[in-house]
Amino acid sequence: MLIRYIRVSLPLFVFLIISTIAIKATFAQKKDKPEKKEEQKQEQEADNGEVFGQELSNENYIFGDAMQAYLLEKMMDQNFAKSLPLFQTCIKIYPKNAAAHFKIAEIYVKKDSLDKAVPYVKKAIELNPQNKFYYTLLAEIYHKQNRFTAAVEVYENLIKNIPKSENYYYNIATIYTYQERYKEAIEVYDKLEKKFGIDEEIIKRKQKIYLQLKDVNSALKEGQKLIDTYPDVVEYKEAQAEILINQKKYEEAKKLLLSVIEHSPDNSYARLLLSDIYQIQGDTPNQLKEIEIAFNNPDLDLEAKIRVLTGYYMVIENENKRKTAIKLAEMTLKNNPESSKLHFYYGDFLRFDNRFKEAREAYTKAVELDGNNYQAWTSLLDTDIQLQDYEALIKHSEEGLELFPNHAIFWYMNGVGHFFKKKYDNAIESLEQAKMLASENKEILTEVHKYLGEVYQATKEYAKSDIAFEEALSLNPHDVFILNNYSYYLTLRKDKLNRAKELSTKLVQISPNQPTYMDTHGWVLFTMGDYKNAKTWIEKAAQLSNDGTIIEHYGDVLYKLGQVQEALIQWQKAKTAGGTSNMIDKKIADKKLYE
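This structure is a prediction, so every number in the text was calculated from the model and none was measured. (Residues numbered from 1 in each chain as written. Predicted model: local features only at pLDDT ≥ 70, side-chain atom pairs only at ≥ 80, totals over all residues. Heavy atoms only, no water.)

Draft legend 1. Geometry of the side chain of Asn267. Topologically, Asn267 is positioned in the loop between α14 (250-263) and α15 (268-280). Setting aside its immediate chain neighbours within four residues, Asn267 contacts Val234, Glu238 and Val260. (Helix = DSSP H or I, 4+ residues; strand = E, 2+ residues; numbered from the N terminus. Contact = heavy atoms within 4.5 Å.)

In structure tokens form, the structure reads like this:
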């Protein structure tokens, strides 16, 4: 026995009643345009079963029950367990109900049961070949099944059977393009063009295909058609110039852009394209001239200027390009002083130019204007480190933590700042917090363990220091900073010397020509009593460096090898260079090694 009514909550029931009334009202409205009413009717037929606007019959009641269940299940995101059997009952009793067949097919599509959907939507088309939504559902199914030829046939039948449906040629062309049947796609677009006339979207699609086929001339011909048809639309000329630039037809592009600028001197986009050409051709004066005119135009929006500025990241290592970027950023800031993003980019250009104090000012302004500018915050902290201003690093990292308390980088930077200010307890607290938050970030975690190793070395908690360094090496076994410092600390403590030798050997294998690392390896060997091999490494280091510590080490190893006079000479050189141990004067005075 069929259930005429289903029990729903009052708000939903009211919603369904209102929806039904609205649908009826739509059919009762006076039509302004016949084709618009027909399209609305087809949409209602597709989704509501062609029934609500008719005098209710028993068939319509049955279908209405099914639709009511369908709408409820759709709203509740359910699996149509109730509505599907109701629709199936409907077509069993009324096998010519096209809408019920369609809804069954639609449900199967939602269930991803495409093969089951096909016969139902085919039957819906057979029963009502004038409903375009039935065709499009079948085409959609075929497309998902990669049955592209079948999908094309469906669209062709749609166009044949339903008047004013030529726009579905777009769908056919899209399928051909997807299949890389480019010639057939072009033919379809040509057919559309004959039907509707010159159209920007059709031209763009054809150009894309021609460029895919590397048929540049045909792509340009299509663009010229737009220019000839709409000579006053400068955007078409700009688009044509872009294609010419991409195809390295610079002179043709330049000629076209100059004609645009002649008639529209304030066209900033054309000037930016022209500046690109001059840059490619190495004509820096004209490039700067065009780009400065464009940037001085208040009609050129800030985002366009920022896009140009970000392009300079690609050439930022070139000093002249970097200077240009700085100049352009300064020009833009005059008119846009409240842009956090702009101050950030300006800071980046200054930082790459080694103007760290000015860069820090720019980053500071960026975060003042927008506290959520995360990149500006991290760049500000990096600049504090570059300036070795650890008080500022502590201050800025603490300010950042107020906004980003769960970001490990701010805790890490805070710990680094405290370490260099020798506030070791604070450093440990911050670094441990960073370690907890950076559990998934290998790079930050390596740095955290590295500095924990440094802090615990400074506090003489050597066991903890070794554990931290080993943890860091487990994450990055090729980090030369860790290899150098850890092996050197072990040597100073005369502890785990075999491990120190293992680390320093790896160090000089990774960086064989770095004098500091040569000295470290040599000093490990010296501490182990291998003076001959120690001399080999430290001597190389002393030849490459004027560092007082390295030269003093060279004197020490010479002394151990019995070359006292030579050792004295090296100690005297070390004292002159500076940076030696506090025993250097006593070594020279007594001509004796003190360890």
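Having put the structure on the table, let's press on.
Draft legend 2. Spotlight on the environment of Asp199. Mapping Asp199 onto the fold places it in the loop between α10 (182-196) and α11 (200-212). Separated by 30 residues in the primary sequence, Asp199 and Thr229 place their C-alpha atoms 9.8 Å from one another. Dropping the residues within four chain positions of it, Asp199 is found in contact with Tyr170 and Leu226. Among the polar contacts listed, one links the side chain of Asp199 to the backbone nitrogen of Glu201, at a separation of 3.0 Å. (Polar contact = N/O pair within 3.5 Å; in protein donor to acceptor, adjacent residues only side chain to side chain.)

Draft legend 3. Representation of the pattern of salt bridges. Under the criterion given, the structure shown has 40 salt bridges. A salt bridge links Lys225 to Glu193; the nearest nitrogen and oxygen atoms lie 2.7 Å apart. Of this pair, Lys225 sits in helix α12 (residues 216-229) while Glu193 sits in helix α10; the two residues are 32 residues apart in sequence, bridging distant segments of the chain. The exposure class assigned to Lys225 is partly exposed, which follows from its relative accessible area of 26%. Taking the relative accessible area as the measure of exposure, Glu193 reaches 13% and is therefore buried. Between Asp384 and Arg360 there is a salt bridge, with the nearest N and O atoms lying 2.8 Å from each other. Taken together, the residues Asp384 in helix α21 (residues 374-386) and Arg360 in helix α20 (residues 356-369) connect sequence positions 24 residues apart. A single network of salt bridges, built from pairs that share partners, joins Asp190, Glu193, Lys206, Glu222 and Lys225. (Salt bridge = Lys/Arg side-chain N within 4 Å of Asp/Glu carboxyl O. Buried < 20%, exposed > 50% of the residue type's maximum accessible area, 1.4 Å probe, protein only.)

Draft legend 4. How the structure looks around helix α18 (residues 319-335). With 17 residues, α18 extends 25 Å from end C-alpha to end C-alpha; this agrees with the ideal 24 Å at 1.5 Å per step. Residues of α18 that are buried: Lys321, Arg322, Thr324, Ala325, Ile326, Leu328, Ala329, Met331, Thr332 and Leu333. The inward-facing, buried residues of α18 abut α15, α16 (284-295), α17 (302-311) and α19 (340-352). Where α18 begins, the capping side chain belongs to Asn318, and its oxygen is found 3.0 Å from the backbone nitrogen of Asn320. (Expected span 1.5 Å × (residues − 1).)

Draft legend 5. Region of the structure containing the nonpolar core. Judged by nonpolar contacts, the single largest core of 58 residues is most densely connected at Phe87, Ile141 and Ile172. It is helix α5 (residues 98-110) that contributes the most residues to this core, nine residues altogether. Setting aside anything within four residues of it in sequence, one finds Phe87 in contact with Phe63, Ala66, Met67, Tyr70, Ala100, Lys103, Ile104 and Ile107. Membership of the second largest hydrophobic core comes to 57 residues, among which are Ala294, Leu350, Tyr390 and Leu393. (Core = buried A, V, L, I, M, F, W, Y, C linked by side-chain atoms within 4.5 Å.)

Draft legend 6. How the structure looks around the packing of aromatic side chains. Here the structure, examined in full by the defined rule, presents 29 aromatic pairs. An angle of 5° between the planes, with centres 4.3 Å apart, marks the rings of Trp523 and Phe526 as stacked. Within this pair, Trp523 and its partner Phe526 are both found in helix α29 (residues 515-527), separated by three residues, close to a single helical turn. The pair Trp523 / Phe526 is uniform in exposure class, with both members buried. Within the aromatic cluster, the residues linked to one another by ring pairs are Tyr390, Tyr412, Phe419, Phe420, Tyr424, Tyr451 and Phe481. The aromatic ring of Trp537 is capped on one face by Lys540, whose charged end is 5.0 Å from the ring centroid. (Phe/Tyr/Trp six-rings, centres within 6.5 Å; stacked < 30°, edge-to-face > 60°. Lys NZ or Arg CZ within 6 Å of the ring centre and 35° of its normal.)

Draft legend 7. Inspection of the packing of helix α24 (residues 424-437) against helix α25 (residues 442-458) at higher detail. Between α24 and α25, the least distance of the axes is 10 Å, while the angle of their chain directions is 155°. When the axis of α24 is compared with that of α25, the two are roughly antiparallel. Note that α24 runs across α25; the crossing there is left-handed. Across the interface between the two elements, Tyr424, Ala427, Ile428, Leu431, Glu432, Ala434 and Lys435 of α24 pack against Leu445, Val448, His449, Tyr451, Leu452, Val455, Tyr456 and Ala458 of α25. Each residue belonging to the contact of α24 with α25 can be placed in one class, and the counts come to twelve nonpolar, one polar and two charged. (Axes fitted to C-alpha atoms, helices over the stretch in contact; angles between N-to-C directions. Parallel < 35°, antiparallel > 145°, perpendicular 65-115°, else oblique. Left-handed = near helix turned anticlockwise from the far one by under 90°. Nonpolar A, V, L, I, M, F, W, Y, C, P; charged D, E, K, R; others polar.)

Draft legend 8. Seen up close, unusual backbone geometry. We note that Phe80 has phi near 65°; this positive angle belongs to a residue other than glycine. If you trace the backbone, Phe80 turns up in the loop between α3 (58-75) and α4 (83-93). Phe80 gets classed as buried once you look at its relative accessible area, which sits at 7%. Although it is not a glycine, Asn354 sits at a positive phi angle of roughly 60°. Its location among the elements puts Asn354 in the loop between α19 and α20. In this structure Asn354 comes out as exposed when scored by relative accessible area, which is 56%.

Draft legend 9. Spotlight on the confidence of the model for the chain. When pLDDT is averaged along the chain, the result is 88, and 90% of the positions lie at 70 or above. Low pLDDT (under 50) marks residues 1-56, which in the prediction has 68 contacts with non-local residues, meaning those over four places away or in another chain. (pLDDT = per-residue confidence, 0-100.)

Draft legend 10. Just the packing of α15 against α16, in detail. Between α15 and α16, the least distance of the axes is 8 Å, while the angle of their chain directions is 160°. The angle between α15 and α16 falls in the class roughly antiparallel. The interaxial crossing formed by α15 with α16 has left-handed handedness. Judged by residue contacts, Ser268, Arg271, Leu272, Leu274, Ser275, Tyr278 and Gln279 of α15 engage Asn286, Gln287, Glu290, Ile291, Ile293, Ala294 and Phe295 from α16. Looking at the contact of α15 with α16 residue by residue, the classes come out as seven nonpolar, five polar and two charged.

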